[in-house]
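# Descriptive analysis of the structure
Each chain is listed here by its residues.
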Amino acid sequence: MNFIVSSSTLTSHLQAISRVINSKNTIPVLDCFLFEIEGNILRLTASDNDNTLNTSFEVVESSEDIRFAVSSKILLDSLKEISEQPLRFEVNKDNLEITIYYQNGKYSMVGMNADEYPSAPVMGENAVKIAIPSEVLSNGISCSLFAAADDEIRPVMCGIYFDFTPDSVTMVASDGHKLVRCRDLSVTGAEKSAFILPKKPANLLKSLLARDGESEAVIEFDDRFAIFALANYRLVCRLIEGRYPNYNSVIPQNNPRKITIDRAAMISALRRVAIFSSQVSLVKLHLQDNNMIISAQDSDFSTFAEESLTCSYEGAPMNIGFSASFLIDILGNIPGREVVIELADPSRAGVMVPAEQVGQQELLMLLMPMMLTE
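I will try to describe carefully the structure that is included in this document. (Residues numbered from 1 in each chain as written. Predicted model: local features only at pLDDT ≥ 70, side-chain atom pairs only at ≥ 80, totals over all residues. Heavy atoms only, no water.)

## Examining the overall build of the chain
- Looking only at helices and strands, the chain features six helices and 25 strands.
- Considered along the principal axes of its C-alpha atoms, the chain spans approximately 80 × 50 × 35 Å.
- Buried residues in the chain amount to 50% of all 374 residues.
- Summarising the internal contacts of the chain: among those between residues at least 6 apart in sequence, 66% fall at separations of at least 24.
- Counting every atom, the chain has about 17,900 Å² of accessible surface; 47% of that belongs to carbon and sulfur.
- For the chain, the centre of its 31 positive side-chain charges and the centre of its 48 negative side-chain charges are spaced 3 Å apart. (Helix = DSSP H or I, 4+ residues; strand = E, 2+ residues; numbered from the N terminus. Buried < 20%, exposed > 50% of the residue type's maximum accessible area, 1.4 Å probe, protein only. Contact = heavy atoms within 4.5 Å. Areas by Shrake-Rupley, 256 points an atom, 1.4 Å probe, with all protein chains shown as cover. Lys, Arg positive; Asp, Glu negative; His and termini not counted. Charge placed at Lys NZ, Arg CZ, Asp CG, Glu CD.)

## Digging into the sheet that holds strand β6 (residues 66-71)
- With antiparallel pairing, the eight strands of this open sheet are ordered in space as β6-β2-β3-β4-β17-β16-β15-β10. Two strands close off the open sheet at either side, each with one partner strand: β6 and β10 (128-133). Strand-to-strand twist of the sheet, defined as the mean angle between neighbouring strand axes without regard to direction, takes the value 20 degrees.
- Across five bridges, strand β4 (residues 51-58) lies against strand β17 (residues 233-238) in antiparallel orientation. Across the sheet, residue T52 finds its bridge partner in β17, namely V236. (Pairing = 2+ DSSP bridges. Axes fitted to C-alpha atoms, helices over the stretch in contact; angles between N-to-C directions.)

## Structural notes on the pattern of salt bridges
- What the rule picks out here adds up to 17 salt bridges.
- Across the pair K80 and D77 runs a salt bridge, and its minimum N-O distance is 3.7 Å.
- Notably, a salt bridge pairs R337 with D262, separated by 3.6 Å at the nearest N-O pair. Here the residue R337 occupies a position in the loop between α6 (324-332) and β23 (338-343), and D262 occupies one in strand β18 (residues 257-262), the gap between them amounting to 75 residues.
- Given a relative accessible area of 57%, R337 falls into the exposed group.
- Here D262 falls in the partly exposed class, since its relative accessible area comes to 26%.
- Residues participating in the shared-partner salt-bridge network are E36, R43, R67 and D115. (Salt bridge = Lys/Arg side-chain N within 4 Å of Asp/Glu carboxyl O.)

## Digging into the side chain of E342
- Residue placement: E342 occurs in strand β23.
- Of the side chains with opposite charge, K258 lies nearest to the buried E342, which makes no salt bridge, at 4.7 Å.

## As for the nonpolar core
- Grouped together as the largest cluster of nonpolar side chains are 107 residues, with contacts concentrated most on L10, F35 and M266.
- With near-sequence residues (within four places) excluded, F35 lies in contact with F3, L10, L14, L42, R43, L44, I66, R67, F68, V70, L75 and F89.
- The next biggest cluster of nonpolar side chains, apart from the first, holds 18 residues, and it includes Y161, I240, Y244 and A349. (Core = buried A, V, L, I, M, F, W, Y, C linked by side-chain atoms within 4.5 Å.)

## Considering the sheet that holds strand β5 (residues 61-62)
- A sheet is described by the order of its strands in space; here five strands give the open sequence β5-β1-β7-β8-β9, paired in antiparallel fashion. The sheet is open, and its two edges are formed by β5 and β9 (105-110), each paired on a single side.
- Where strand β1 (residues 2-6) meets strand β7 (residues 86-91), five bridges bridge the pair, whose relative direction is antiparallel. The partner of S6 across the bridge, within β7, is P86.
- The sheet strands contacting helix α1 (residues 7-18) are β1 and β7, and the helix crosses β1 at an angle near 85 degrees.

## Examining the packing of helix α3 (residues 134-144) against helix α4 (residues 199-212)
- Interaxial distance between α3 and α4 falls to 10 Å at its minimum, and their mutual angle equals 135 degrees. In terms of orientation, α3 lies oblique with respect to α4. Relative to α4, the crossing made by α3 is left-handed. Residues S134, L137, S138, I141 and S142 of α3 lie in contact with α4, whose contacting residues are A202, L205, K206 and L209.
- Along the lines of polarity and charge, the residues of the contact of α3 with α4 split into five nonpolar, three polar and one charged. (Parallel < 35°, antiparallel > 145°, perpendicular 65-115°, else oblique. Left-handed = near helix turned anticlockwise from the far one by under 90°. Nonpolar A, V, L, I, M, F, W, Y, C, P; charged D, E, K, R; others polar.)

Don't take any of this as a statement about function, it's just geometry.
Structural data, given as structure tokens:
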């Protein structure tokens, strides 16, 4: 059996799905790509048993249908060294010997039986299907993923919570110190439904959506699995099971003190001042008369730094402490030139939103304060 395919097209698709494969697998076949030829369509699959990612495209020509698995590392490493040209695959169906012919030579390797490859799960009868613009999905994941926890003790916090209602879709992530809520009013669900997407498939989707361009994604999910169907890729992943905390209850509603400040200038100042902070990365914000003074110190090493920034602030003088690294993370993931920081008092969380929201998106980020010693 043989087929001919473009080297650059094959390599591009293999690289996209290869990120699913773990560096170490207990099942040998999971170190492989699954090739399935049907007519003139080549379907490629990679899996780690919890997440399965596949893509398909048309080959130049094919003699017959076949299924086989082949080592991902050997195949990718060898194809990366080949310039754009037709590749001819010859596969011996009896012993699965694979020979790849290119312009000046050939590669030979032995594949594995495709029947050993795990099959993707089937959705339950209670599955929900929702279409969502790729841009909305990409923005929501990009804005919130950094805030998801790495704490194995609370697995429900180690992912992005998708909350669909008849009015909107909301994507939420939190590690207990910071929280991101990205709501988009352009997407609605027929009824209230939700799931928790783990960080690995969320990272995969973020990468795939950047490659896929402008299109629509279709999400189908039940209690255990979700399928994300994009223009050129299909991701099936296992969800995090459990009940996500009530995220709206931790967001302060009455924040009379509001600061509007240049986002990039504040990030730069925080990075400079935080160098002089102690290991806990504490910075103090002093607010008074349209002025923000950012300061940090490490009493053990007798270091201190402060920097003054112009901002829009009217109200009583106030001091509040934050983790510099968390605050930089939040400001770095808020779009736009200016950010609005809403505060109530030094013991309550600070709410940060872009000065101008994009489209029908309502983005809000929250950061818990740190106690100041003086």
